[in-house]
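# Survey of secondary and tertiary structure
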Amino acid sequence: MWYQQTLVLGAKPRGFHLITDEVLGQIRDLSRIRTGLLHLLLQHTSASLTLNENCDPTVRHDMEQHFLRAVPDNAHYEHDYEGADDMPSHIKSSVLGVSLSLPVASGRVQLGTWQGIWLGEHRIHGGSRKIIATLQGE
């Protein structure tokens, strides 16, 4: 079986957000898969998807602080068409990535105990985000 749908995430402020429930709750046929794979593709170049800590929100805060220091706004980038946070957002997106491939068994994504899906919103005002979810399996 192959199944694909577009997921829409509401606008979030700059930072890292735990979106596991928001994403998986939108995938209609996940419970039908005994063994398979879920691929998630974020359709944006100024945000990212990553898999990380799902319990302690200070990890998300520390991650955001790290990236603000490592890739600062107003660092005199040539590409600044959409503001000072534009090019830094593209860099963070490339470093972290925009896709995840997750195993599925018995209708559930097989994440580790402390793993969750994060959205890295790298723009100050990023707006809503779209993810293409492709589910394959039997």
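Described in the following lines is the structure provided in the data block. Predicted model only: the values in this text are computed from it and were never measured.

With that settled, the discussion passes to helix α3 (residues 86–96). Among the residues of α3, D86, P88, S89, H90, K92 and S93 are the ones counted as buried. As for α3, its buried residues are in contact with β4 (47–53), α2 (57–70) and β7 (115–125). The positive-phi residue at the C-terminal boundary of α3 is G97, with phi of around 100°.

Another point: the nonpolar core. Core analysis: the biggest nonpolar cluster contains 23 residues, and V23, I27, L38, L40 and I131 have the highest contact counts within it. At the level of secondary structure, the elements contributing two or more residues to this core comprise β1 (2–9), α1 (20–24), β3 (35–42), β4, β5 (99–105), β7 and β8 (129–137). Non-local contacts of V23, meaning those with residues more than four positions away in its chain, are made with L7, L9, L40 and I131.

Before going further, it helps to examine the pairing of β4. The buried fraction of β4 is high, at five of seven residues. Across seven bridges, the pairing between β4 and β7 is antiparallel. Counted as the bridge partner of T50 is W118 from β7.

In a beta sheet, neighbouring strands are held together by backbone hydrogen bonds and run either parallel or antiparallel to one another. Strand order in the open sheet formed by three strands is β2-β7-β4, with antiparallel pairing between adjacent strands. The open sheet terminates on both sides in strands that have one partner only, identified here as β2 (13–18) and β4. Across this sheet, the average inter-strand angle for adjacent strands is 20°, counted without regard to direction. Direction of pairing for β2 relative to β7: antiparallel, over a ladder of five bridges.

Moving on, we come to the pattern of salt bridges. When charged atoms on two side chains of opposite charge get close, those side chains can pair. By the definition in use, this model includes eight salt bridges. Among the ionic pairs, E138 bridges to R34, the shortest N-O distance being 3.8 Å. You can see E138 sitting in the segment after β8 and its partner R34 sitting in the loop between α1 and β3, a full 104 residues away along the chain. Note on R34: relative accessible area 55%, which makes it exposed. Among the charged side chains, a salt-bridge network with shared partners connects E82, D85, D86 and R123.

Per the stated rule, a full pass over the model turns up two aromatic pairs. Pairing F16 with F67 gives two aromatic rings, centres 6.1 Å apart and planes at 45°, and the pair type is tilted. Pair noted here: F16 is in strand β2 and F67 is in helix α2, with a separation of 51 residues, a long-range link. Both residues of the pair, F16 and F67, belong to the buried class. Among the aromatic residues, ring-to-ring pairing joins F16, F67 and W118 into one connected group.

Conventions used here
- Residues numbered from 1 in each chain as written.
- Predicted model: local features only at pLDDT ≥ 70, side-chain atom pairs only at ≥ 80, totals over all residues.
- Heavy atoms only, no water.
- Buried < 20%, exposed > 50% of the residue type's maximum accessible area, 1.4 Å probe, protein only.
- Helix = DSSP H or I, 4+ residues; strand = E, 2+ residues; numbered from the N terminus.
- Contact = heavy atoms within 4.5 Å.
- Core = buried A, V, L, I, M, F, W, Y, C linked by side-chain atoms within 4.5 Å.
- Pairing = 2+ DSSP bridges.
- Axes fitted to C-alpha atoms, helices over the stretch in contact; angles between N-to-C directions.
- Salt bridge = Lys/Arg side-chain N within 4 Å of Asp/Glu carboxyl O.
- Phe/Tyr/Trp six-rings, centres within 6.5 Å; stacked < 30°, edge-to-face > 60°.

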